[in-house]
Amino acid sequence: GQQVMQIPQYQHVQEGEDFTTYCNSSTTLSNIQWYKQRPGGHPVFLIQLVKSGEVKKQKRLTFQFGEAKKNSSLHITATQTTDVGTYFCAGRGGSNYKLTFGKGTLLTVNP
Amino acid sequence: DSGVTQTPKHLITATGQRVTLRCSPRSGDLSVYWYQQSLDQGLQFLIQYYNGEERAKGNILERFSAQQFPDLHSELNLSSLELGDSALYFCASSPGTSGGATGELFFGEGSRLTVL
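Source: prediction; values computed, not measured.

Enquirer: I'm lost on the sheet that holds strand E1 (residues 4-7) of chain A in this one. Help?
Expert: Two pairing modes exist for strands in a sheet, parallel and antiparallel, and in both the strands are linked by backbone hydrogen bonds. All names here are of chain A. The strand order E1-E3-E8-E7-E6 describes an open sheet built from five strands, whose pairing is antiparallel. Because the sheet does not close on itself, it has two edges, and the strands there are E1 and strand E6 (55-58). Averaged over all adjacent pairs, the angle separating strand axes in this sheet is 15°, with direction ignored. Of the pairings in the sheet, the one linking E1 to strand E3 (residues 19-25) comprises four bridges and is antiparallel in character. When the sheet's bridge partners are listed, methionine 5 is paired in E3 with asparagine 24.

Enquirer: What is the right way to read the nonpolar core from this model?
Expert: Taken as a class, soluble globular proteins show a tendency for nonpolar side chains to be buried jointly. Ranked by size, the top nonpolar core spans 21 residues in total, and within it Trp34, Leu76, Leu78, Tyr89 and Leu113 of chain B carry the most contacts. Within the residue set of this core, elements represented by two or more residues are strand E3 (19-24), strand E4 (31-38), strand E5 (42-50), strand E7 (64-68), strand E8 (74-78), strand E9 (87-94) and strand E11 (111-115) of chain B. Ignoring anything within four residues of it in the chain, the contact list for tyrosine 89 of chain B reads Gln6, Leu21, Tyr35, Gln36, Leu46, Phe64, Leu76, Leu78, Gly110, Ser111 and Leu113 of chain B. Residues Val4, Leu29, Trp34 and Ile47 of chain A belong to the second largest nonpolar core, which totals 19 residues.

Enquirer: What am I meant to see in the interface of chain B and chain A here?
Expert: Where the parts come together, the accessible area they lose is often given as the size of the interface. Between chain B and chain A, the residue contacts involve 26 residues of the former and 15 residues of the latter. Between chain B and chain A, roughly 1600 Å² of surface is buried when both sides are summed, and carbon and sulfur atoms account for 57% of that area. On the chain B side of the interface with chain A, the three residues burying the most area are Leu43, Glu104 and Phe107 of chain B, jointly 27% of the side's total. Taken together, the connections running from chain B to chain A amount to zero salt bridges.

Enquirer: Just checking my understanding: could you explain unusual backbone geometry for this structure?
Expert: Excluding glycine, most residues fall at negative phi; most peptide bonds, likewise, are trans. Between isoleucine 7 of chain A and proline 8 of chain A the backbone carries a cis peptide bond, its omega angle lying at -5°. Along the polypeptide, proline 8 of chain A turns up in the loop between E1 and strand E2 (10-14). Cis geometry marks the peptide bond from threonine 7 of chain B to proline 8 of chain B, where omega comes out at -10°. By secondary structure assignment, the location of proline 8 of chain B is in the loop between strand E1 (5-7) and strand E2 (10-13).

Enquirer: Whenever I open this one, the state of the cysteines confuses me. Can you help?
Expert: Residue and element names in this part refer to chain A. Summed over all chains, the structure comprises two disulfides over all chains. Disulfide partner of cysteine 23: cysteine 89, at an S-S distance of 2.0 Å. Disulfide cysteine 23 to cysteine 89: torsion about the S-S bond roughly 75°, handedness right-handed. Of this pair, cysteine 23 sits in strand E3 while cysteine 89 sits in strand E9 (residues 85-92), and the two are 66 residues apart along the sequence. According to the relative accessible area criterion, cysteine 23 is buried, its value standing at 3%. Accessibility expressed as a relative area gives 0% for cysteine 89, which makes it buried.

Enquirer: What is the right way to read the sheet that holds E8 of chain B from this model?
Expert: Residue and element names in this part refer to chain B. Here we have four strands laid out as an open sheet, ordered E1-E3-E8-E7, and antiparallel in their pairing. Here the strands that pair on one side only, and so sit at the sheet edges, are E1 and E7. For this sheet, the mean inter-axis angle between neighbouring strands, taken without regard to orientation, is 15°. Where E1 lies against E3, three bridges are found, and the strand directions are antiparallel. Bridge pairing links threonine 5 to serine 24 in E3.

Enquirer: Whenever I open this one, the pattern of salt bridges confuses me. Can you help?
Expert: When the charged atoms of two side chains with opposite charge come close together, those side chains can pair. If you walk through the whole model with that rule in mind, you get seven salt bridges over all chains. As a salt-bridge pair, lysine 56 of chain A and glutamate 54 of chain A come within 3.7 Å of each other at their nearest N and O atoms. Put simply, arginine 22 of chain B and glutamate 75 of chain B hold a salt bridge, and the shortest N to O gap is 3.9 Å. Placement of the pair is arginine 22 of chain B in strand E3 and glutamate 75 of chain B in strand E8, with a sequence separation of 53 residues. Connected via shared salt-bridge partners are Arg63, Glu82 and Asp85 of chain B.

Procedures and definitions
Residues numbered from 1 in each chain as written. Chains lettered and ligands numbered in written order. Predicted model: local features only at pLDDT ≥ 70, side-chain atom pairs only at ≥ 80, totals over all residues. Heavy atoms only, no water. Pairing = 2+ DSSP bridges. Helix = DSSP H or I, 4+ residues; strand = E, 2+ residues; numbered from the N terminus. Axes fitted to C-alpha atoms, helices over the stretch in contact; angles between N-to-C directions. Core = buried A, V, L, I, M, F, W, Y, C linked by side-chain atoms within 4.5 Å. Buried < 20%, exposed > 50% of the residue type's maximum accessible area, 1.4 Å probe, protein only. Contact = heavy atoms within 4.5 Å. Buried area = accessible area lost by both parts, 1.4 Å probe. Salt bridge = Lys/Arg side-chain N within 4 Å of Asp/Glu carboxyl O. Disulfide = S-S within 2.5 Å.

Next comes the structure, spelled out in structure tokens:
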């Protein structure tokens, strides 16, 4: 079945450093979504990418969808303590209705 | 507040018991998803319903079952509970379409189940 792998599992940075998490799918995706879960909270939607090679920006966050629609990345520029949390990618393949989540990357930021 | 309501928030029970988790989706959302989150397994997809019908099934155990009612709320039933079933269970909803769910999922705050 469809598998979504995400690396790294953990990332600790100093405030002001950049951060990137990568997501790879075993199958071609129709779209990919990114979510953020704060400690003790629930996942909150950040963005959806649909097109091959798509790049979207939200302030300091840059999201990319690979040309083959099998990989994606989230890059945060100049991290802040408010960026702390677990970032999940989630992919949906073809006519498959289910949304498969990666295991997430836990980001901690040292002030 | 996502608009998705889950009850109970916390539940402690013993092995072998049966529990029911309830989810009320956002007003107007037809799709309901159930996910299990444990420390080492991330968010595991269990099952999805669209307008009362099962649409997709993940790695849901035979001891687990779910349904979506005509008023669109959903229940996840967990039976013959084992220690390993201890986890956070999330419900999420989305507007969905007859051809499948698209767009973002709105998650509830989760039901934390502890099996002793």
